[in-house]
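Overview (structure and organization)
Residues per chain are reported as follows:
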Amino acid sequence: PKKKPKIISMLPTNGSANAGKAGTGTPIVFKGENFSKPATVYLDGKPQSTYPVVNSNVSISFLMPPNPDDKTKAQKVSVQLYIGCHFSNSVDFR
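Residues numbered from 1 in each chain as written. Predicted model: local features only at pLDDT ≥ 70, side-chain atom pairs only at ≥ 80, totals over all residues. Heavy atoms only, no water.

Per the secondary structure count, the chain includes zero helices and nine strands. Along the chain, helices and strands appear, N-terminal first, in the series β-β-β-β-β-β-β-β-β. Taking 94 residues into account, the globule formula puts the C-alpha radius of gyration at 12 Å, and the chain, at 13 Å, falls close to it. Restricting to contacts in the chain with at least 6 residues of sequence separation, those with at least 24 account for 58%. For the chain, the exposed surface amounts to about 5600 Å²; the carbon and sulfur share of it is 56%. Seen as two clouds, the 12 positive and the 5 negative side-chain charges of the chain have centres 8 Å apart. (Helix = DSSP H or I, 4+ residues; strand = E, 2+ residues; numbered from the N terminus. Rg over C-alpha atoms; globule rule 2.2 N^0.38 Å. Contact = heavy atoms within 4.5 Å. Areas by Shrake-Rupley, 256 points an atom, 1.4 Å probe, with all protein chains shown as cover. Lys, Arg positive; Asp, Glu negative; His and termini not counted. Charge placed at Lys NZ, Arg CZ, Asp CG, Glu CD.)

Structural data, given as structure tokens:
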């Protein structure tokens, strides 16, 4: 069985209110361990339809979507990765 993925860092850990120049989202990079394809990002326990890019077994890129409830405020969510039937630890995006 595959080892459980572990998020060591996520940069940035917060986003601007407009979530990027075009309001399309905030680019995020996860650094960690045991990353592989396929991977899914979960925000507050909900799987996201936008898939992350697995750059390597220690790096994943993801476009954090804008706040669905209020586009004028940055999204505040708990973030996890789901890889190989395992959830990673959670980190906060504020």
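More follows now that the structure is in view.
In this section: unusual backbone geometry. Leave glycine aside and you will find that most residues have negative phi; peptide bonds, for their part, are mostly trans. Note the cis peptide between Leu11 and Pro12, where omega equals -10 degrees. Secondary-structure assignment places Pro12 in the loop between strand E1 (6-11) and strand E2 (26-33). If you check the backbone angles, Asp44 has positive phi at about 50 degrees while not being a glycine. With respect to the secondary-structure elements, Asp44 resides in the loop between strand E3 (39-43) and strand E4 (46-47). Residue class for Asp44 comes out partly exposed when judged on its relative accessible area of 46%. Phi at Cys85 takes a positive value of approximately 70 degrees, unusual for a residue other than glycine. Relative to the helices and strands, Cys85 is located in the loop between strand E7 (77-83) and strand E8 (86-87). (Buried < 20%, exposed > 50% of the residue type's maximum accessible area, 1.4 Å probe, protein only.)

Moving on: the packing of aromatic side chains. In the structure shown here, the tally under the stated rule is three aromatic pairs. Measuring from centroid to centroid gives 4.9 Å for Tyr42 and Phe87, while their planes differ by 80 degrees, and the two rings are edge-to-face. You can see Tyr42 sitting in strand E3 and its partner Phe87 sitting in strand E8, a full 45 residues away along the chain. What makes Tyr42 buried here is its relative accessible area of 16%. (Phe/Tyr/Trp six-rings, centres within 6.5 Å; stacked < 30°, edge-to-face > 60°.)

With that out of the way, let us pick up the sheet that holds E2. Overall, antiparallel pairing links the four strands, which are arranged E1-E2-E6-E5 in an open sheet. Among the strands making up the open sheet, the edge pair consists of E1 and strand E5 (53-56). Shown here is a sheet whose adjacent strand axes are inclined to one another by a mean of 30 degrees, direction ignored. Alignment of E1 against E2, held across five bridges, turns out to be antiparallel. Counterpart to Leu11 in the pairing with E2 is Val29. (Pairing = 2+ DSSP bridges. Axes fitted to C-alpha atoms, helices over the stretch in contact; angles between N-to-C directions.)

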